[in-house]
Amino acid sequence: MPHKEEKVVAQNRKARHDYFIEETWEAGLELKGTEVKSIRLGKCNMKDCYAQVKDGELFVYGMHISPYEKGNIFNTDPLRPKRLLMHKAEIRKLQQAVMLKGLALIPLSLYLKDGRIKMEIAVCKGKKLYDKRDTMAKQDAQREMERHMREKLR
């Protein structure tokens, strides 16, 4: 049976600007019902979120899920830590990358896959200011080349 198309709900665009992405992983999320409904409506912000391994479990902190309008008493704290669902061996690998190499765990995107909410999480290394400038300069040069190619094809 072919997989349905993935629908991206939220992205952490700043992550690709601030970090070198070493490796990416997919994780499920443990959420409450009203949080799922809110995410399906696109009411989610991943701007300053990060992940951490705590007591052998993986949690995401700083991800804001707006309260569901029709949720009344069932709504939870929008910034509560959410547990990520991964195999223990995968969590151990992530923990070793963070502990030994000094890397960070940064969520990149939140998406729907076969009706379930999944998160793409990356093992990242922080960029220095000159790295960010270098990346921006390369992107500008690439845009200029593409613009010139389009003009020549006309």
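Scroll up for the structure.
Parameters at a glance
- Residues numbered from 1 in each chain as written.
- Predicted model: local features only at pLDDT ≥ 70, side-chain atom pairs only at ≥ 80, totals over all residues.
- Heavy atoms only, no water.
- Helix = DSSP H or I, 4+ residues; strand = E, 2+ residues; numbered from the N terminus.
- Polar contact = N/O pair within 3.5 Å; in protein donor to acceptor, adjacent residues only side chain to side chain.
- Salt bridge = Lys/Arg side-chain N within 4 Å of Asp/Glu carboxyl O.
- Buried < 20%, exposed > 50% of the residue type's maximum accessible area, 1.4 Å probe, protein only.
- Pairing = 2+ DSSP bridges.

A.B. asks: Requested: an account of the side chain of Glu35, with residues and values cited.
C.D. replies: On the secondary structure map, Glu35 appears in helix α2 (residues 33-40). Among the polar contacts listed, one links the side chain of Glu35 to the side chain of Arg80, at a separation of 2.7 Å.

A.B. asks: Any chance you could break down the pattern of salt bridges for me, citing the residues and the numbers?
C.D. replies: Applying the stated criterion to the full structure yields seven salt bridges. Close ionic contact of Arg147 with Glu144 constitutes a salt bridge, the shortest N to O distance being 2.5 Å. Note that Arg147 and Glu144 are positioned in helix α4 (residues 129-153) at a spacing of three residues, about one turn of the helix. Its relative accessible area of 38% is what places Arg147 among the partly exposed residues.

A.B. asks: Can you lay out the pairing of strand β9 (residues 116-126) for me, pointing to particular residues and giving the numbers?
C.D. replies: Side-chain direction in a regular strand flips from residue to residue, so the side chains alternate between the two faces of the sheet. Note: strand β2 (residues 19-29) against β9, nine bridges, orientation antiparallel. From the neighbouring strand, Gly28 faces β9, where its bridge partner is Lys118. With nine bridges joining them, strand β8 (residues 104-113) and β9 adopt antiparallel strand pairing. Considered in β9, the bridge of Ala104 is made with Cys124.

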